[in-house]
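Spelled out, the chains give:
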Amino acid sequence: PVLLEISDLHASVDDLPILKGVNLTIRAGEIHAVMGRNGSGKSTLSKVLAGHPAYTVTAGTMRYRGTDLLGLDPEDRARIGVFLGFQYPVEIPGVSNLEFLRVATNARRTAQGQEELDTFAFEDLVQERLGVVQMDPAFLERSVNEGFSGGEKKRNEILQMALLEPVVAILDETDSGLDIDALRIVAGGVNHLASPDNATLLITHYQRLLDLITPDYVHVMASGRLLRSGGKELALELERTGYDWVDQELARLE
Ligand code: ADP
Ligand code: MG
Ligand code: MG
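Here we summarise the structure given alongside this text. Numbers given to residues run from 1 along each chain, matching the order in which its sequence is written. The order in which chains are written sets their letters, starting at A; the order in which ligands are written sets their numbers, starting at 1. Predicted model: local features are reported for residues with pLDDT of at least 70 only, side-chain atom pairs are reported and counted for 80 or more only, and whole-chain, interface and lining totals are derived from all residues.

**Quick word on the environment of Q134**
Here is step 1 of the chain: In this description a helix means any DSSP run of H or I spanning at least four residues, a strand means any run of E spanning at least two, and both kinds are numbered starting from the N terminus. By the secondary structure assignment, Q134 is in the loop between α4 (119–133) and β8 (143–144).
Here is step 2 of the chain: You can call Q134 exposed: it has 12 C-beta atoms within 10 Å.
Here is step 3 of the chain: Separated by 118 residues in sequence, Q134 and R252 have C-alpha atoms that sit 48 Å apart. Counting other C-beta atoms within 10 Å of its own, a residue is labelled buried from 20 upward, exposed at 12 or fewer, and partly exposed in the gap between, with every C-beta atom placed from the backbone.

Here is the structure:
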């Protein structure tokens, strides 16, 4: 079944068009990678899917299992199973990571008709899932992301994903340059959590993450649209040829 259907999606920030007609269909069991040069609109796509208030959808649709995401605020999108990793590496002083994760997990459980977990039951669940990210339990007592390194934030993000069990996970690797340990954790978590019932959209600037996670489909973003799509071999081709062909193709389009 189709989990996420993005059709002719256009989005702007301060009246400046950034997404210019994105089309993408993601089915259960699939891993998709979106690649592209800096500034091509990759992070904007993930922020628009998340419902970031700075971005205005000006045309097109994005449907999750038939439901128009546009009508839902970011929290509701998360509750129904759309996970947007980058959204949470914000610092929330004074709120322990454990408590933050418990609130988020219970919101998701409630939406799925499952009972809420009390502190003790939640601690058991967290202990079990900590193994996915090889995270030191001491992180749970710290304030949310306060003073976390980039790699620790990323681990925390994958821990959150392991707890929320999203149906569609959207992960923006960001251009901040994760070290190899953080990459392995992200990749290990994604591979561990991928199942025939869910799907992953990986947004990545580099091939290196795709050495660890094998995508079913690779899409090349340029100037706010997905210019070319293919299988995992497209990522390897990009590694060899670079993005010069993109300019030629864009020149034809624009
Ligand atoms: P990528 O993730 O592929 O590097 P982005 O989606 O971050 O690209 O950015 C795409 C383009 O949109 C860039 O030119 C960027 O400067 C612009 N852009 C993105 N977000 C904003 C914003 N909030 N305000 C102004 N310009 C933005
Ligand atoms: Mg980006
Ligand atoms: Mg990514």
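**Quick word on the site of ligand 1**
Here is step 1 of the chain: Here, nearness means that the C-beta atom of a residue, built from backbone geometry, sits within 6 Å of the molecule or strand in question. Ligand 1 sits among V13, I18, G36, N38, G39, S40, G41, K42, S43, T44 and A54.
Here is step 2 of the chain: A per-element tally of the shell around ligand 1 places helix α1 (residues 42–50) first, with three residues.
Here is step 3 of the chain: Basically, the charged four are Asp, Glu, Lys and Arg, the nonpolar ten are Ala, Val, Leu, Ile, Met, Phe, Trp, Tyr, Cys and Pro, and anything else, Gly included, counts as polar. The residue inventory of the shell around ligand 1, partitioned by class, reads three nonpolar, seven polar and one charged.

**Section: the pairing of strand β10 (residues 199–203)**
Here is step 1 of the chain: With five of its five residues buried, β10 lies for the most part within the structure.
Here is step 2 of the chain: Burial along β10 is two-sided: the face carrying A199, L201 and I203 and the face carrying T200 and L202 are both buried.
Here is step 3 of the chain: Note: two strands are recorded as paired if DSSP finds a minimum of 2 bridges between them. As judged from the four bridges shared by strand β3 (residues 31–36) and β10, these two strands associate in the parallel manner. Note on β10: the bridge partner recorded for V34 is I203.
Here is step 4 of the chain: Looking at chain direction, strand β9 (residues 168–172) and β10 are connected through five bridges and run parallel. The residue bridging V168 from the neighbouring strand is A199, located in β10.

**Looking at α4**
Here is step 1 of the chain: Here, expected helix span is obtained from the residue count minus one, scaled by 1.5 Å. The terminal C-alpha atoms of α4, which comprises 15 residues, lie 21 Å apart, in line with the 21 Å expected from a rise of 1.5 Å per residue.
Here is step 2 of the chain: Considered for burial, the residues of α4 that qualify are F122, V126, R129 and V133.
Here is step 3 of the chain: Structurally, α4 contributes buried residues whose contacts are with α3 (97–111), α5 (150–164) and α6 (180–193).
Here is step 4 of the chain: Taken from the residues just after α4, Q134 is the one with a positive phi, measuring 45 degrees. Two residues form a contact once the distance between their C-beta atoms, set from the backbone, is within 7 Å.

**Observations concerning the nonpolar core**
Here is step 1 of the chain: In this structure, L49, F83, V168, I170 and L202 are the most contacted members of the largest nonpolar core, which totals 61 residues.
Here is step 2 of the chain: Examining the composition of this core, we find that six residues originate from one element, α5, more than from any other.
Here is step 3 of the chain: Sequence-distant contacts of L202, defined by excluding residues within four places in its chain, comprise I31, H32, A33, L171, L209, I213 and P215. In plain words, the nonpolar core is the set of buried Ala, Val, Leu, Ile, Met, Phe, Trp, Tyr and Cys residues that C-beta atoms within 7 Å link up.

**Some points on unusual backbone geometry**
Here is step 1 of the chain: Phi is positive for D8, which is not a glycine, with a value near 45 degrees.
Here is step 2 of the chain: The residue D8 is located in strand β1 (residues 2–13) in this model.
Here is step 3 of the chain: Even without being a glycine, R65 presents a positive backbone phi close to 45 degrees.
Here is step 4 of the chain: With respect to the helices and strands, the residue R65 is situated in the loop between β4 (56–64) and β5 (67–68).

**Some thoughts on the packing of α3 against α5**
Here is step 1 of the chain: Helix axes are fitted to C-alpha atoms over the stretch in contact, other axes to C-alpha atoms as well, and angles between N-to-C directions run from 0 to 180 degrees. The N-to-C vectors of α3 and α5 enclose an angle of 35 degrees; their axes lie 9 Å apart at closest approach. At the point where α3 passes α5, the crossing takes the right-handed sense. Contact residues: N97, L101, A104, T105 and R108 in α3; N156, Q160, L163 and L164 in α5.
Here is step 2 of the chain: Partitioning the contact of α3 with α5 into residue classes produces four nonpolar, four polar and one charged. Two helices cross in a left-handed way if the nearer one is turned anticlockwise from the farther one by less than a right angle. They cross in a right-handed way if the turn is clockwise.

**Quick look at the sheet that holds strand β11 (residues 217–222)**
One key point about sheets: their strands pair by backbone hydrogen bonds, in either a parallel or an antiparallel sense.
Here is step 1 of the chain: Read from one edge to the other, the open sheet built from six strands follows the order β6-β9-β10-β3-β11-β12, with strand pairing classed as mixed. The open sheet terminates on both sides in strands that have one partner only, identified here as β6 (82–84) and β12 (225–230). Averaged over neighbouring strand pairs, the angle between their axes works out to 20 degrees when direction is ignored.
Here is step 2 of the chain: Of the strands in this sheet, β3, β11 and β12 touch helix α7 (residues 232–241), which is tilted by about 45 degrees from β11.

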